[in-house]
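Residues per chain are reported as follows:
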Amino acid sequence: MSLFSSHFKVISNDLFHVFTTSPTFKSCLSFLGKSSIIKKKISIHNNNGYVSSAVYYKEFKYKGLDENFSNGRRRKFEINKNSSENDTNNYQQQVKSLSSIMKCNETTAYGLLLKFPFLEKANMEIVNSKVTKLIEAGIDKEELMNDMWILAYSLAKLEEQILLVQNMNCYPIKPWHLRCSEVVFHRLSQNKENNRLALSPYQSVTDYICKRLGLTETEVHVFARKHPPVMRVKVAKLKEVIDFLFSEGFTSRQIFNTPRILCHSLKTIQARLAQLKANNYKPYSLLVLCKSKIKFDDFLRNLRPPPEN
């Protein structure tokens, strides 16, 4: 009996058993998935490591057919296997190179390749030149690792953008400064200039808060620990909020006790204070102006007298 005939007989008998015991299409699919013969035919790899599209290789060899039938397919899958191994080796080399360039461990470098896939095919010598140029320009390495899209630019384009940002006195330089649109960059430059004018003649934000609120440096550190984001607010915004609060009769000590107030927008502070005045309420603490919208609305409702029956 031929190889085909013997296999067909076994499958036919098994299929007949399935149809006679549970004649459903689902049962047939289940059978086909479990059949030892079918399973042998669709296995992913054989013992030699070849993809087993040529599933009958051993049988063909036994029948003397391997030279005429299976060698072509085996050669094709050997090529695919070698190509896959080369891709893996290349990827591992990229990981090692990036790890060396960024001076990080290989696990971190692998994560960077996943996050920024264009680096997978990048020339690492050129990447090294770009990273060196960016770090020399004052960009923090950690910030660069969080935003490596800038490395997709050519080295010449990077040098041009760095020079532009330096001429605009935008320090410290961030990676996104070099790849933002011209409109966004000019807005950034204008904000920097406004901030510089507001800070003058003070040397720093700490110095500004010291002088405006009449605090010592130690008190400013306490002030910053209460609400750290306040030290990241632009000086221009600090100035307009402090000026408004002073004009409304609030003291530097009240501002010191509630540093969060300097992080709120002037528009919100003005609107809330107007609502409180309309209810004949003068806040003794600035905390009420820092409440969430829901809590502030509840506070206003409690101020209003109940409606008369």
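Just so you know, the residues in each chain are numbered from 1, in the order the chain's sequence is written. Local features in this predicted model are restricted to residues of pLDDT 70 or higher, and side-chain atom pairs are both shown and tallied only at a pLDDT of 80 or more, whereas totals for entire chains, interfaces and linings draw on every residue. Side-chain figures throughout are based on the complete set of non-hydrogen atoms in the structure, without hydrogens or water.

UniProt positions are given in the numbering used here, feature names are shortened, and annotations may be inferred rather than shown by experiment. Word for word, the UniProt comment on the protein under Sequence similarities (unreviewed entry) is "Belongs to the mTERF family."

(A) Summary view of the packing of aromatic side chains. Pairing of aromatic rings covers Phe, Tyr and the six-membered ring of Trp, with a centre-to-centre limit of 6.5 Å; geometry is then stacked below 30 degrees between planes, edge-to-face above 60, and tilted otherwise. Inspection of every chain in the model, using the stated rule, returns five aromatic pairs. Considering the side-chain rings of Tyr91 and Tyr110, the 6.0 Å spacing of their centres and the 75° angle between planes classify their relative orientation as edge-to-face. Of the two residues, Tyr91 sits in helix 5 (residues 66-102) while Tyr110 sits in helix 6 (residues 106-115), which places them 19 residues apart along the sequence. One aromatic cluster is present, formed by Phe116, Phe118 and Trp149 through successive ring pairs. Only Lys NZ and Arg CZ are tested; either one counts as a charge over a ring when it is within 6 Å of the ring centre and within 35 degrees of the ring normal. Above the plane of the ring of Phe256 lies Lys226, whose end atom (NZ or CZ) is 4.2 Å from the centre. The positively charged end of Lys282 is found above the aromatic ring belonging to Phe250, 4.6 Å away from the centroid. Starting at the N terminus, helices and strands are each numbered in turn, a helix being any DSSP run of H or I of at least four residues and a strand any DSSP run of E of at least two.

(B) Fine view of the packing of helix 11 (residues 205-213) against helix 12 (residues 217-226). Where helix 11 meets helix 12, the closest approach of the two axes is 10 Å, and the angle between their N-to-C directions is 110°. Between helix 11 and helix 12, the interaxial angle falls into the category roughly perpendicular. Listed contacts from helix 12 to Thr206, Ile209, Cys210 and Leu213 of helix 11 are Glu217, Val220 and Phe223. Along the lines of polarity and charge, the residues of the contact of helix 11 with helix 12 split into five nonpolar, one polar and one charged. Axis lines are fitted to C-alpha atoms, over the contacting stretch for helices. Their N-to-C directions set the angle, which ranges from 0 to 180 degrees. Relative orientations are named as follows: roughly parallel for angles under 35 degrees, roughly antiparallel for angles over 145 degrees, roughly perpendicular for angles from 65 to 115 degrees, and oblique for any other angle. Note on contacts: a residue pair qualifies if any of its non-hydrogen atoms lie within 4.5 Å across the two residues. By the convention adopted, Pro, Cys, Tyr, Trp, Phe, Met, Ile, Leu, Val and Ala count as nonpolar, Lys, Arg, Asp and Glu as charged, and the other residues, Gly among them, as polar.

(C) The nonpolar core, seen in detail. Formed by 32 residues in total, the largest nonpolar core has its most connected members in Ile209, Leu245, Ile261, Leu262 and Leu289. A total of six residues in this core trace back to one element, the largest contributor, which is helix 13 (residues 235-247). Sequence-distant contacts of Leu262, that is, excluding residues within four places in its chain, are made with Phe223, Val230, Val233, Lys237, Leu238, Val241, Ile242 and Ile255. Residues enter a nonpolar core if they are buried and are Ala, Val, Leu, Ile, Met, Phe, Trp, Tyr or Cys, with the set joined through side-chain atoms within 4.5 Å. Each residue's exposure class comes from its accessible area (1.4 Å probe, protein chains only) as a fraction of the maximum for that residue type: buried when under 20%, exposed when over 50%, partly exposed otherwise. Formed by 31 residues, the second largest nonpolar core is a distinct cluster that contains Leu112, Phe116, Leu119 and Phe185.

(D) Inspection of the environment of Lys291 at higher detail. The residue Lys291 is located in the loop between helix 15 (266-278) and helix 16 (293-303) in this model. Residue class for Lys291 comes out partly exposed when judged on its relative accessible area of 31%. The spatial distance from the C-alpha of Lys291 to the C-alpha of Ile261 is 10.0 Å, given a sequence separation of 30 residues. Sequence-distant contacts of Lys291, that is, excluding residues within four places in its chain, are made with Arg272, Phe296 and Phe299.

(E) View of the pattern of salt bridges. In what follows, salt bridge is the name for a side-chain nitrogen of Lys or Arg lying within 4 Å of a carboxyl oxygen of Asp or Glu. Enumeration over the complete set of coordinates arrives at eleven salt bridges. Taking the shortest distance from any N to any O, the salt bridge between Lys293 and Asp297 comes out at 3.1 Å. Residue Lys293 and its partner Asp297 are located together in helix 16, separated by four residues, close to a single helical turn. Here Arg301 ties to Asp298 by a salt bridge, and the two come within 2.1 Å at their closest N and O atoms. Separated by three residues within a single helix, Arg301 and Asp298 lie in helix 16, roughly one turn from each other. Here Asp298 falls in the partly exposed class, since its relative accessible area comes to 31%. Linked through salt bridges whose partners overlap, the residues forming this network are Arg212, Lys239 and Asp243.

(F) Seen up close, the environment of Lys103. You can see Lys103 is positioned in the loop between helix 5 and helix 6. Of the residues examined, Lys103 reaches a relative accessible area of 68% and is grouped as exposed. In this structure, the C-alpha to C-alpha distance between Lys103 and Lys141, residues 38 residues apart in sequence, is 9.5 Å.

(G) Local environment of helix 13. A rise of 1.5 Å per residue sets the reference length of helix 13, with its 13 residues, at 18 Å; its end C-alpha atoms lie 18 Å apart and thus fit the reference within 8%. Restricting attention to buried positions, one finds in helix 13 the residues Val235, Leu238, Val241, Ile242, Phe244 and Leu245. A positive phi of about 90° marks Gly249, the residue just after helix 13. An expected span of 1.5 Å times one less than the residue number is assigned to each helix.

(H) Geometry of the packing of helix 15 against helix 16. Their axes nearest at 10 Å, the elements helix 15 and helix 16 cross at an angle of 15°. For the element pair helix 15 / helix 16, the angle class is roughly parallel. Pair helix 15 / helix 16 crosses with right-handed handedness. Here Arg272, Gln275 and Leu276 of helix 15 lie close against helix 16, whose contacting residues are Lys293, Phe296, Phe299, Leu300 and Leu303. Should the near helix be turned counterclockwise from the far one by less than a right angle, the crossing is left-handed, whereas a clockwise turn marks it as right-handed.

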